[in-house]
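Topology and contacts: notes
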Amino acid sequence: MHQITQPKKLDCIDQYHYLAAGLIARLFLGTLFFLQGYDAVIKVGVRNVAGAFKDEFAKHGIPQYITVAAAWFTSYSELIGGALLIFGMFEYISLYLLGLNLIVAAIGFGINTPMWDTRHVLPRLLLILFLLIIPQSWNALSLDYYFFKL
């Protein structure tokens, strides 16, 4: 009797789903942060970003130098961290800095508006966590993987 066999799985294609998941998440997150940082640094200017928040924060007793430092940190960490993620360079350092960026932003938004809308922050946080917990083998499509043989 002729035995019916299941179609053979394409193992060579299956392995690329993991690589694609890591690549898509990294490129998407990097693009979001890079464009936000580009707006803050190039289009708006970091001084204007700080100026938009300093009066409101001053009402809550936050010194101006902290507001200015936070604006510089968040703006440049988004621009540089986003670019590094897009290229796949220094990914873990970038993810740590961008995670810290989100914590600073959450504190700032929480001071301004205790019940603030997290719809822009939460997806970024989830992508950072995803990229931090996936196995390094899923990151083979990055410059880090090739330069540092992680």
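First, a word on scope: everything that follows refers to the structure included in this document. What you are looking at is a predicted structure, and each value in this text was computed from that prediction instead of being measured.

Conventions adopted
In every chain, residue numbers begin from 1 and rise along the written sequence. Totals for whole chains, interfaces and linings use all residues, but because this is a predicted model, local features are given only for residues with pLDDT of at least 70 and pairs of side-chain atoms are given and counted only at 80 or more. Calculated side-chain values reflect all of the structure's heavy atoms, with hydrogen atoms and water omitted. The helix count covers DSSP runs of H or I at least four residues long, the strand count covers runs of E at least two residues long, and both are numbered beginning at the N terminus. For each residue, the accessible area found with a 1.4 Å probe, counting protein chains only, is set against the maximum for its type, and the residue is called buried under 20%, exposed over 50%, and partly exposed in between. Only heavy atoms matter for contacts: two residues are in contact if any of them lie within 4.5 Å across the pair. Note on definitions: the grid is 1 Å and covers protein atoms alone; a cavity is a set of points where a 1.4 Å probe fits but cannot get out; a pocket is an open set with protein on both sides within 12 Å along at least five of seven lines; lining residues have an atom within 4 Å of a point. Grid points are joined across faces, edges and corners, and a volume is the space filled by probe spheres set on the points. Charged means Asp, Glu, Lys or Arg here, nonpolar means Ala, Val, Leu, Ile, Met, Phe, Trp, Tyr, Cys or Pro, and polar covers whatever is left, Gly included. Think of each axis as a best-fit line through the C-alpha atoms, taken over the contacting stretch in the case of a helix, with angles from 0 to 180 degrees between the N-to-C directions. An angle below 35 degrees is treated as roughly parallel, one above 145 as roughly antiparallel, one from 65 to 115 as roughly perpendicular, and anything else as oblique. A crossing counts as left-handed when the near helix is turned anticlockwise from the far one by less than a right angle, and as right-handed when that turn is clockwise. Whether two aromatic rings pair depends on their centres lying within 6.5 Å, for rings of Phe, Tyr and Trp, where Trp uses its six-membered ring; planes under 30 degrees apart make the pair stacked, over 60 edge-to-face, and the rest tilted.

Regarding the environment of L29
- As for its placement among the helices and strands, L29 is situated in helix α1 (residues 11-44).
- Exposure remark for L29: the relative accessible area of 0% places this residue in the buried category.
- Sequence separation between L29 and Y145 is 116 residues; the distance between their C-alpha atoms is 18 Å.
- Leaving out residues up to four positions away in the same chain, L29 has contacts with L85, L95, R124, L127, I128 and L131.

Section: the layout of surface pockets
- Estimates place the volume of the largest pocket at around 670 Å³.
- Around the largest pocket, the lining is made up of 29 residues, and of these F53, T74, V104, A105 and F109 lie nearest the centre.
- For the lining of the largest pocket, the secondary-structure elements that each account for two or more residues are α1, α2 (46-59), α3 (64-87), α4 (91-112) and α5 (121-133).
- The biggest single contributor to the lining of the largest pocket is α4, with eight residues.
- Taken together, the residues of the lining of the largest pocket sort by class into 18 nonpolar, seven polar and four charged.

Focus on the packing of α2 against α3
- Viewed as axis vectors pointing N to C, α2 and α3 meet at an angle of 140°, and their least axial separation amounts to 9 Å. It follows from the interaxial angle that α2 and α3 lie oblique. For the pair α2 and α3, the crossing hand works out as right-handed. For the pair formed by α2 and α3, the contact residues are V46, V49, A50, F53, K54 and F57 on the first element and Q64, T67, V68, A71, W72, S75 and Y76 on the second.
- Along the lines of polarity and charge, the residues of the contact of α2 with α3 split into nine nonpolar, three polar and one charged.

A look at the packing of α2 against α4
- At a minimum axis separation of 10 Å, α2 and α4 run at an interaxial angle of 55°. With respect to α4, the element α2 is oriented oblique. Relative to α4, the crossing made by α2 is left-handed. Of α4, the residues touching α2 (which contributes F53, E56 and F57) are G108, I111 and N112.

Observations concerning the packing of aromatic side chains
- Throughout the structure, instances matching the rule amount to nine aromatic pairs.
- Geometrically, the ring pair formed by F53 and F57 is stacked, given 5.8 Å between the ring centres and 25° between the ring planes. Linking F53 with F57, this pair stays in helix α2, spanning four residues, or about one helical turn.
- Since its relative accessible area comes to 11%, F57 is described here as buried.
- When the centroid spacing of 6.3 Å and the interplanar angle of 55° are considered together, the rings of F130 and W138 count as tilted.
- When its relative accessible area of 27% is taken as the criterion, F130 is described as partly exposed.
- W138 sits in the partly exposed class, given a relative accessible area of 21%.
- In this structure an aromatic cluster arises from ring pairing among Y18, F130 and W138.

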